[in-house]
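Now for the letters of each chain:
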Amino acid sequence: MNSDTIIHNGGCHCRRVRWQVGAPTSVVAWKCNCSDCSMRGNTHFIVPRANFKLMASSEQFLTTYTFGTHTAKHTFCKFCGITSFYVPRSNPDGVAVTVNCVDHGTLTHMEIRHADGRNWEKFVDQSGITSFSKPDEEAR
């Protein structure tokens, strides 16, 4: 984590799933139009897997949904159904954190970018999204 990184806490609606993520106070968040994200209204930011820590007691409350290539791991709470984080197809080495699931007070700014998940192959090659799960990327 770089010097601009702080710890954000967050989790699901019923608070059974809790996590910490190291990220700046200002993030680039992706609003995706794929079939899953558009139905959920998901907007997320991506961090390297090493910057994400699931609290130990949370694992028992998680379940995972996959479809298509089964690369993305849509993880959600078995009780309240909220996807507070998941492994995105674009960044299987990272974690996508749902911005509305971050506890209030630590995210100060979001730049919203649109992810064209309906035309995924074209989008991923042109967007630079794959760099967001790499440690300390400077050129985004």
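Quick note: structure is the one above.
Residues numbered from 1 in each chain as written. Predicted model: local features only at pLDDT ≥ 70, side-chain atom pairs only at ≥ 80, totals over all residues. Heavy atoms only, no water.

## Here we look at the overall build of the protein chain
To keep it simple, the criterion reads: In DSSP terms, a helix is any run of H or I states spanning at least four residues, a strand is any run of E spanning at least two, and both are numbered starting from the N terminus. To get the radius of gyration, use the C-alpha atoms; to get the globule rule, take the number of residues to the power 0.38 and multiply by 2.2 Å.
A tally of regular secondary structure across the protein chain gives two helices and 10 strands. Each helix (α) and strand (β) of the protein chain, taken in turn from the N terminus, gives the series β-β-β-α-β-β-β-β-β-β-β-α. Taken against the 2.2 N^0.38 rule, which gives 14 Å for 140 residues, the C-alpha radius of gyration of the protein chain at 14 Å falls within 12% of a compact globule. C-alpha extents for the protein chain along the principal axes are approximately 40 × 35 × 20 Å.

## Concerning the sheet that holds strand E8 (residues 85-86)
Here is the rule we go by: Paired strands, as defined in this entry, are two strands with at least two bridges between them according to DSSP.
Pairing in this open sheet of five strands is mixed, and the strands run E8-E9-E4-E3-E10 from one edge to the other. Each edge of the open sheet carries a strand with a single partner, namely E8 and strand E10 (109-115). Pairing of strand E3 (residues 26-32) with strand E4 (residues 43-48) involves two bridges; the strand directions are antiparallel. Pairing of Lys 31 across the sheet is with Thr 43, part of E4.

## Quick look at the packing of aromatic side chains
Selection criterion: Working definition: rings of Phe, Tyr and Trp (its six-membered ring) pair if their centres are within 6.5 Å, and the pair is stacked with planes under 30 degrees apart, edge-to-face with planes over 60 apart, and tilted otherwise. Only protein chains enter the accessibility calculation, which uses a 1.4 Å probe. A residue is then buried if its area is under 20% of the maximum for its type, exposed if over 50%, and partly exposed in between. Two thresholds decide whether a charge sits over a ring: the Lys NZ or Arg CZ must be within 6 Å of the ring centre and within 35 degrees of the ring normal.
Overall, the coordinates contain six aromatic pairs when judged by the stated rule. Taken together, a centroid distance of 5.6 Å and an interplanar angle of 85° make the contact between Trp 30 and Phe 132 edge-to-face. Of this pair, Trp 30 sits in strand E3 while Phe 132 sits in the segment after helix H2 (120-127), and the two are 102 residues apart along the sequence. Aromatic pair Phe 52 and Phe 85: ring centres 4.7 Å apart, planes at 40°, arrangement tilted. In this pair, Phe 52 is assigned in strand E5 (residues 52-54) and Phe 85 in strand E8, connecting sequence segments 33 residues apart. Judged by its relative accessible area of 14%, Phe 52 falls in the buried class. Judged by relative accessible area, which is 9%, Phe 85 ranks as buried. Each member of the aromatic cluster is reached from another via a ring pair, and the members are Trp 19, Phe 52 and Phe 85. When the ring centre of Tyr 86 is taken as reference, the NZ or CZ atom of Arg 40 above it lies at 5.6 Å.

Function-wise, these values are silent; they only describe arrangement.
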